[in-house]
Amino acid sequence: MFYDTTVVQFSKMLQNLSAILDKGATFAESKKIDVAVLLNSRLAPDQFHLIRQVQIACDTAKLGVARITGKTDSAPKHADDETTLADLQQRISDTVAYLASFTEADFSHAATQKITQPRWEGKYLSGYEFLIQHVIPNLYFHITTTYAILRHNGVDVGKKDYLGAMPYKV
């Protein structure tokens, strides 16, 4: 289940994020607004702008998977210097490609992996706790915030854009 929850679902959500950003670009073009206005928008003065929201969403997906599989050295490094929509789309694409490099077998010890980070001051979470209580909520928070920034600025995005295609059965 770790593979489906991370690689499959994170890739889907990042691709949905890409499509939402495309809608933002189309909106900016139709309204004759510089897309940089949207990219630098935020919901509150003390909150990160849209560019940083996308960067963190990508980092959360790639580093979350890298940490719970014990492959932190394989995660691509990004300079966080994106300034354009094309830059953000490339980062999303690179992250999805990185996620695609994992197999189900890579997650064989994911649940019991000890995960720590410098800011946790010597504390750790199990891979299961890290995924459920940190990675998943963090990823969805930053994708949702990106969506909300665009929606707040008038971009015509809705829940179907956020959720993406569903595997309905008949």
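Our subject is the structure that appears above.
Everything quoted here is computed from the prediction, not taken from an experiment. Positions within a chain are numbered from 1, following the residues in the order the chain's sequence is written. Only residues with pLDDT of at least 70 are given local features in this predicted model, and only at 80 or more are side-chain atom pairs given and counted; all residues enter the totals for whole chains, interfaces and linings. Side-chain metrics in this entry use all non-hydrogen atoms of the structure; hydrogen atoms and water are not considered.

A. Local environment of the environment of Lys123. Helical segments are the DSSP runs of H or I of at least four residues, strand segments are the runs of E of at least two, and each set is numbered from the N terminus. Its place among the elements puts Lys123 in the loop between strand 1 (114-115) and strand 2 (125-126). Accessible area is worked out with a 1.4 Å probe on protein chains only. A residue is then buried under 20% of its type maximum, exposed over 50%, and partly exposed in between. Classification of Lys123 as exposed rests on a relative accessible area of 56%. Residues are treated as being in contact if the distance between any of their heavy atoms lies within 4.5 Å. If near-sequence neighbours (up to four positions away) are discounted, Lys123 is found in contact with Ile115 and Thr116.

B. Highlighting the pattern of salt bridges. For salt bridges, the criterion is a side-chain nitrogen of Lys or Arg within 4 Å of an Asp or Glu carboxyl oxygen. Evaluated as defined, the whole model comprises seven salt bridges. With a closest N to O distance of 3.3 Å, Lys62 and Asp59 form a salt bridge. Here Lys62 pairs with Asp59, and both are found in helix 3 (residues 50-69), just three residues apart, close to one helical turn. The class for Asp59 is buried, based on a relative accessible area of 17%. When the shortest N-O distance is used, the salt bridge between Lys71 and Asp106 registers 2.8 Å. Pair noted here: Lys71 is in the loop between helix 3 and helix 4 (85-99) and Asp106 is in the loop between helix 4 and strand 1, with a separation of 35 residues, a long-range link. Residue Lys71 is classed as partly exposed on the basis of its relative accessible area, which comes to 33%.

C. Spatial organisation of the packing of aromatic side chains. Classification of ring pairs rests on two measures: the distance between centres of Phe, Tyr or Trp rings, Trp counted by its six-membered ring, which must be within 6.5 Å, and the angle between planes, read as stacked under 30 degrees, edge-to-face over 60 and tilted in between. Counted according to the given criterion, the structure contains five aromatic pairs. Relative to Phe107, the ring of Phe102 has its centre 6.1 Å away and its plane inclined at 50°; by these criteria the two rings are tilted. Given a relative accessible area of 4%, Phe102 falls into the buried group. Ring centres of Trp120 and Phe130 lie 6.0 Å apart, and the angle between their planes is 70°; this geometry places the pair in the edge-to-face category. Highlighted residues: Trp120 in the loop between strand 1 and strand 2 and Phe130 in helix 5 (residues 127-152), separated in sequence by 10 residues. Chaining the aromatic ring pairs together yields one cluster made of Tyr3, Tyr98, Phe102 and Phe107. In this structure, Arg52 packs its charged tip against the face of Phe48, placed 5.7 Å from the ring centre. For a lysine, the NZ atom is tested; for an arginine, the CZ atom; a charge sits over a ring if that atom is within 6 Å of the ring centre and within 35 degrees of the ring normal.

Interpretation in functional terms is not warranted from these geometric data alone.
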